[in-house]
Amino acid sequence: DALCVYRGDKNSRAYKWYRRMNYHPISNIISLKKSLADKHRYNNAIIINNIPEIQNSAKKLLKCFQLSTFQFGGFPTRKIDYWEKAFTAHYYKSSYKFTILALPSDSNIDFLAYAMLGVTSMRDGILRLEILEFVSCDNTSQNLLHDSIEQYALKMKSNELRVQVLNQEYLNRW
């Protein structure tokens, strides 16, 4: 069985929805935010932000996910249509403008890393980019993806990134 952790505010509509979907709390999460300053950074990311682009990239996304996360476990099962469904059926779909940033391999055949992002101002009116999923196979691509995410956030005229992670998450160092 795979288990996932989501926001645990027991009075929120999201928490109640996840509980109705048979998710169970198993760990605490940390909410982090980072203010951004405009710097010249690496940005070779492919921007995927509509259903046809997701459908064309789904095999690469799935392969990247499987290669990068096989040793961790605890994720919902990914199938070829996972990202399309995330864009069209996500609980917060009316509050986010979804985008996937993907780093192509040198041969451009596969993705080295990708992040699913949501641009939003929900709850507090502050335009921000939230990192909803971050997948990377090594430290180099992880750092390049971080830089690309920051550049994308600035391009979207957001000066803040937010992410929620498990308190034992290996990416906390960033």
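Read on for a plain summary of the structure. All values reported here derive from a predicted model rather than from experimental measurement.

Considerations on the overall build of the chain
Move 1: The helix and strand inventory of the chain stands at 4 helices and 6 strands.
Move 2: Put simply, the chain runs from its N terminus to its C terminus through helices and strands in the order α-β-β-α-α-β-β-β-α-β.
Move 3: Here the chain holds 174 residues, and the buried ones make up 40% of them.
Move 4: Total accessible area on the chain stands at roughly 10,300 Å², and carbon and sulfur atoms take up 50% of it.

Focus on the nonpolar core
Move 1: Counting residues in each nonpolar core, the largest one holds 21 residues, and the members touching the most others are Trp-83, Ile-100 and Tyr-114.
Move 2: Within the residue set of this core, elements represented by two or more residues are helix H1 (13–20), helix H2 (51–69), helix H3 (82–89), strand S3 (97–104) and strand S4 (111–120).
Move 3: Counting residues per element, this core draws most heavily on H2, at 5 residues.
Move 4: In this structure Ile-100 touches Ile-46, Ile-47, Ile-48, Leu-61, Trp-83, Phe-87, Tyr-114, Ala-115 and Met-116, once residues within four positions along its chain are discounted.
Move 5: Counting residues in hydrophobic clusters, the runner-up holds 18 residues, among them Leu-36, Ile-131, Tyr-152 and Leu-154.

Quick word on helix H4 (residues 139–155)
Move 1: In this model H4 runs 24 Å from its N-terminal to its C-terminal C-alpha over 17 residues, within 8% of the 24 Å that 1.5 Å per residue would give.
Move 2: Of the residues making up H4, those classed as buried are Ser-141, Gln-142, Leu-145, His-146, Ser-148, Ile-149, Glu-150, Gln-151, Tyr-152, Ala-153 and Leu-154.
Move 3: At the N-terminal end of H4, a side-chain oxygen is found 3.2 Å from the backbone nitrogen of Thr-140, two or three residues along, and the residue is Asp-138.
Move 4: Following H4 by one or two positions, Lys-157 has its phi on the positive side, about 65 degrees.

Some points on the packing of aromatic side chains
Move 1: For the structure shown, the criterion picks out 4 aromatic pairs.
Move 2: Measuring from centroid to centroid gives 5.2 Å for Tyr-82 and Trp-83, while their planes differ by 80 degrees, and the two rings are edge-to-face.
Move 3: Judged by relative accessible area, Tyr-82 falls into the partly exposed class, the value being 22%.
Move 4: Classification of Trp-83 as buried rests on a relative accessible area of 0%.
Move 5: A ring pair is formed by Trp-83 and Tyr-114, whose centres lie 5.9 Å apart and whose planes are at 85 degrees; its orientation type is edge-to-face.

What to know about H3
Move 1: Where H3 is concerned, the buried positions are Trp-83, Ala-86 and Phe-87. Down the axis, H3 shows its buried residues gathered within 95 degrees of arc, on one side only.
Move 2: Looking at the packing, one finds that the buried side of H3 touches strand S2 (46–48), H2, S3, S4 and strand S5 (128–136).

A closer look at the packing of H2 against H3
Move 1: Two numbers describe how H2 lies on H3: the axes approach to 7 Å, and their chain directions differ by 130 degrees. Looking at the two axes, H2 sits oblique to H3. Contact residues: Ile-51, Ile-54, Gln-55, Ala-58, Leu-61, Leu-62 and Phe-65 in H2; Trp-83, Glu-84, Phe-87 and Thr-88 in H3.

A word on the pattern of salt bridges
Move 1: If you walk through the whole model with that rule in mind, you get 5 salt bridges.
Move 2: Between Arg-78 and Glu-133 there is a salt bridge, with the nearest N and O atoms lying 2.0 Å from each other. Here the residue Arg-78 occupies a position in the loop between H2 and H3, and Glu-133 occupies one in strand S5, the gap between them amounting to 55 residues. The pair Arg-78 / Glu-133 is uniform in exposure class, with both members buried.
Move 3: For Arg-128, the salt bridge goes to Asp-124, with nearest N and O atoms at 2.7 Å.

About the criteria used
- Residues numbered from 1 in each chain as written.
- Predicted model: local features only at pLDDT ≥ 70, side-chain atom pairs only at ≥ 80, totals over all residues.
- Heavy atoms only, no water.
- Helix = DSSP H or I, 4+ residues; strand = E, 2+ residues; numbered from the N terminus.
- Buried < 20%, exposed > 50% of the residue type's maximum accessible area, 1.4 Å probe, protein only.
- Areas by Shrake-Rupley, 256 points an atom, 1.4 Å probe, with all protein chains shown as cover.
- Core = buried A, V, L, I, M, F, W, Y, C linked by side-chain atoms within 4.5 Å.
- Contact = heavy atoms within 4.5 Å.
- Expected span 1.5 Å × (residues − 1).
- Polar contact = N/O pair within 3.5 Å; in protein donor to acceptor, adjacent residues only side chain to side chain.
- Phe/Tyr/Trp six-rings, centres within 6.5 Å; stacked < 30°, edge-to-face > 60°.
- Arc of directions from axis to C-beta.
- Axes fitted to C-alpha atoms, helices over the stretch in contact; angles between N-to-C directions.
- Parallel < 35°, antiparallel > 145°, perpendicular 65-115°, else oblique.
- Salt bridge = Lys/Arg side-chain N within 4 Å of Asp/Glu carboxyl O.

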